[in-house]
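Residues per chain, in single letters:
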Amino acid sequence: MNKIFVTVSGGCAYVTEDTVPQGFELEIIDFDNIEAGGSFPSKEAREYSIKHNLYELPRALPG
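Everything numeric in this text was worked out from a predicted model, so none of it was measured. Every residue gets a number counted from 1 within its own chain, in the order that chain's sequence is written. Selection of residues for local features in this predicted model requires a pLDDT of at least 70, selection of side-chain atom pairs for listing and counting requires 80 or more, and totals for whole chains, interfaces and linings are taken over all residues. Note that the side-chain values use all heavy atoms of the structure and ignore hydrogens as well as water.

Enquirer: With reference to specific residues and values, describe the overall build of the chain.
Expert: Secondary structure elements are defined from DSSP: runs of H or I of at least 4 residues count as helices, runs of E of at least 2 residues count as strands, and each element is numbered from the N terminus. Looking only at helices and strands, the chain features two helices and two strands. Scaling as 2.2 N^0.38, a compact globule of 63 residues should have a C-alpha radius of gyration of about 11 Å, whereas the chain reaches 13 Å, well beyond that. Summary of the burial criterion: residues with accessible area below 20% of their type's maximum are buried, those above 50% are exposed, and those between are partly exposed, where the area comes from a 1.4 Å probe applied to protein chains only. Of all 63 residues assigned to the chain, the portion counted as buried reaches 17%. In what follows, residue pairs with any heavy atoms lying within 4.5 Å of each other are defined as contacts. In the chain, the proportion of contacts linking residues at least 24 apart, taken out of those at least 6 apart, comes to 19%. Our radius of gyration is a C-alpha quantity, and the globule rule it is checked against amounts to 2.2 Å times the number of residues to the power 0.38.

Enquirer: Tell me about the environment of cysteine 12, and name the residues and values.
Expert: You can see cysteine 12 is positioned in the loop between strand E1 (2–8) and strand E2 (24–30). For the pair formed by cysteine 12 and aspartate 32, sequence separation is 20 residues and the distance between their alpha carbons is 9.9 Å.

Enquirer: Which residues make up the side chain of serine 49, and what are the values?
Expert: Among the structural elements, serine 49 can be located in helix H2 (residues 43–51). By relative accessible area, which is 0% here, serine 49 ends up buried. Aside from chain neighbours lying at most four places away, what touches serine 49 is Ile29, Phe31, Phe40, Leu54 and Tyr55.

Written out as structure tokens, the structure is:
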């Protein structure tokens, strides 16, 4: 199954399911929720975000 990623930062995303092409799965990546401690909807979404410089992994605190 092919995926379409929708990224959201500082707002809301509304998607009408019937606009998604047949054979595609839609994943919404909400960076506000992720920054607040949420998780990515999938491993692929996380990898896509990092690969395209949309998200930077948190740095470990010095300790």
